[in-house]
Amino acid sequence: MSFPAPVAGLVENTPMAAPNPLGAEVLENFIPTQRGIAVRGGATQYAYINASVAAMFGYAAGGNSKLFAASASAIFDVTDSISSASSPNSGALIWGSGVWGTSTWGKSETPLAGGFTSGDWSAQQIGTSGGDFLIAVNGSDPAQIYDGTDMNPLTGSAVNEIDFDGMTAAFSVGETLTGGSSGATAEILSIIQLTGSTGTLKLGAITGGPFTDDEEITSAGGAAFANGASASASALTITGVTTSDLSHVWLYQNRMFFVQKNSLKAWYLPSGSVGGAAQDVSLAGVFRRGGKLLFGGTWSLDSGDGMDDKCLFVSDLGEVAVYSGVDPSSASTWAFEGRYDIGKPLGKNATAQIGGDFLVATDDGIVPISAAIQRDPSALSLSAVTGPIETTWSDEARRASDDVQLIKWTAGDLMLAVFPQADRMLTANLQTTAWATQTGWHGTCGATYSSGVFVGRDDGFVMKLDSGGTDDGAPFTARVCFSFNDMGDPMAYKVPQLMRGAYFADDSFDAKFSVSAEYDVKFPAAPSAVASTSGALVWGSGAWGVGTWAGDVESPRMGVLGNWEAVSGGGHTLAPMVQITSGGAQKLPVELVRVDFIAESGGRVA
């Protein structure tokens, strides 16, 4: 009999004794598509920041696109990838000289801004009449604003800057800088450390200035010499709120909204602006269970921006307040629509806007806001996007911190759920919501940039996913266990004999077939990776078993059908299994579409 590929993905919420022809018991390192299951790409080193990556975000304006990675103390531009990659523990890296083995790291060593006390950044881009800007907040340090070229603090006063050299003691954010000759003073807002003794200080308002070239500049803990006079860096300001108290930012109706940390208060700016007087919105009389405001977002009912959009405010205890309108300061243009309950959110970045819905990752699963306003909280799990993987999701959520992140990767047609403490990632097809697990994809945070998707790791590396054919140089195995099937006769003992697969493929690979029985999934040892012969394969001319067969599939409708292979085992209920190992420099272009299975039926049990 034939088994179509489990395009419904990993399915755990149906009876195992009732065969699900399109579901899988195990689906690991495959990605379900609409026609089969494809071996995923690998994970390759892209950038390195010499510290644990705590947050990632991007910027795109016209032809100017950037990818940023943040540590606990700095924000780095990691747009340019490293040209070679090996372990930072190999001794080949000469830190401070910009040389990695025989290749340079690019911009990843130099921070755009630093001296911070937290890397828990939330970032949002906005287009204004004055240009495209990105604002980032972390609830501990002054907000930062990026204009496409420079990153500056965004506070209640204009920002100045001064270059320094000859540093003999390190400066710290929050200290007061004093000029030895000029007598000028200013608060240090951020630090760009270029080398061990040179860099740039971003300063608040200067009193008694300006600072002058070559004068000694000191603070409570730092000492250096001015390398040039102080100059203006940014005139943009936000008044009415201390921006270091802002922990989350989002865009609604062309207004920037912010969460004030450890409170039930939000703030917003004038329409189409990245500065000005901030005004507050209190949720204290709306949320019934207390807690604190965790994040907000825009629920776009038609998947675009328009008047039907709703503004969401979500607490750390899982209460959601929904508002509509364009101006919170006017009762005629701002309306409260309701308060609803969901599970406990798994972090301020555990959200995704997909289609016409706003998804929130909670301890009960990924819940669409559209379901939250229609169902009792006790029944929300029935509408959760993660319903098919309820057991797997519960296991990961139980072990997770509050820093889970959902990433919508449109180019790859995937949603990724990143669990910082896990050694795997959960992925769902954006079109079919079919789930799978990816054991070699893991990280602390992530972001999309250009057409790719990236994650940061504790070891300081930024990894590009679905890239190459190995996980950081190590081969990986994609494996699937189909749904168990009694083949129409649960009383008869079956002995599997032969299996074969049908694929779309454009490179050499080895598929290993096996069978599990009686609802007990047991994979044998994985097959070895096969050397790539991509582009040299012609349908019908290869030999199975010697690494030279596959299809040269210029047309997506062409495919290959493998030879029959002997399998062993036996039981009343059987499940075919397939394993394919990827280990080449390039992504292995293999998609399984069907498995054919021959078994001999024995006697019936009375």
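In the block above lies the structure referred to throughout.
Residues numbered from 1 in each chain as written. Predicted model: local features only at pLDDT ≥ 70, side-chain atom pairs only at ≥ 80, totals over all residues. Heavy atoms only, no water.

Undergrad: Teacher, can you tell me more about unusual backbone geometry here?
TA: It is generally the case that most residues other than glycine have a negative phi and that most peptide bonds are trans. Looking along the chain, the bond that leaves G209 and enters P210 is cis, with omega of 10°. By secondary structure assignment, the location of P210 is in the loop between β20 (199-203) and β21 (216-218). Residues other than glycine seldom take positive phi values, yet N50 does so here, at roughly 60°. Structurally, N50 is set in the loop between β5 (43-48) and β6 (55-61). On the accessibility criterion, N50 (37% relative accessible area) is partly exposed. Even without a glycine there, the phi angle at E518 is positive, about 55°. As for its placement among the helices and strands, E518 is situated in the loop between β46 (511-517) and β47 (560-561). (Helix = DSSP H or I, 4+ residues; strand = E, 2+ residues; numbered from the N terminus. Buried < 20%, exposed > 50% of the residue type's maximum accessible area, 1.4 Å probe, protein only.)

Undergrad: I would appreciate a short explanation of the environment of G62 in the present structure.
TA: Note that G62 resides in the loop between β6 and β7 (64-70). When the C-alpha positions of G62 and D132 are compared, they lie 9.3 Å apart, and in sequence the two are 70 residues distant.

Undergrad: Can you help me understand the sheet that holds strand β16 (residues 151-154) in this one?
TA: Whenever strands of a sheet pair, they do so through backbone hydrogen bonds, lying parallel or antiparallel. Reading across from one edge, β13-β14-β15-β16 is the order of the four strands in this open sheet, with antiparallel pairing throughout. Lying at the two open borders of the sheet, with one neighbouring strand each, are β13 (122-128) and β16. Pairwise comparison of adjacent strand axes, ignoring direction, gives a mean angle of 25° for this sheet. (Pairing = 2+ DSSP bridges. Axes fitted to C-alpha atoms, helices over the stretch in contact; angles between N-to-C directions.)

Undergrad: Mind showing me how you'd approach the pairing of strand β42 (residues 452-456) here?
TA: Side-chain positions along a regular strand alternate between the two faces of the sheet. Within β42, five of the five residues are buried, which leaves it mostly tucked inside the rest of the structure. Pairing analysis gives five bridges linking strand β41 (residues 445-449) to β42, with the strands arranged antiparallel. If you follow Y449 over to β42, its bridge partner there is G452. Counting the residues between successive antiparallel strands, the hairpin from β41 to β42 contains two residues, one of them, S450, with a positive phi of roughly 55°. Pairing analysis gives three bridges linking β42 to strand β43 (residues 461-465), with the strands arranged antiparallel. The residue of β43 that forms the bridge with F454 is K464. Hairpin connection between β42 and β43: a loop of four residues separates the two successive antiparallel strands, and G460 in this loop has a positive phi of roughly 95°.

Undergrad: What is the right way to read the packing of aromatic side chains from this model?
TA: To describe a pair of aromatic rings, one takes the distance between the centres and the angle between the planes. Here the structure, examined in full by the defined rule, presents 23 aromatic pairs. Arranged with centres 5.5 Å apart and planes meeting at 25°, the rings of W250 and F257 form a pair that is stacked. A single burial state applies to W250 and to F257, both of which are buried. Ring plane angle 50° and centroid distance 6.1 Å describe the contact between Y449 and F454, whose orientation is recorded as tilted. Taken individually, Y449 and F454 each receive the classification buried, so the pair is uniform in this respect. (Phe/Tyr/Trp six-rings, centres within 6.5 Å; stacked < 30°, edge-to-face > 60°.)

Undergrad: Could you clarify how one ought to interpret the sheet that holds β7 in this entry?
TA: With antiparallel pairing, four strands are arranged side by side in an open sheet as β6-β7-β8-β12. This sheet does not close on itself; its edge strands, each paired only once, are β6 and β12 (111-114). Averaged over all neighbouring strand pairs, the angle between strand axes comes to 20°, with direction disregarded. Here seven bridges tie β6 to β7, and the two strands are oriented antiparallel to one another. Its bridge partner lying in β7, G58 is registered against L67.

Remember, this is a structural readout, not a statement about activity or role.
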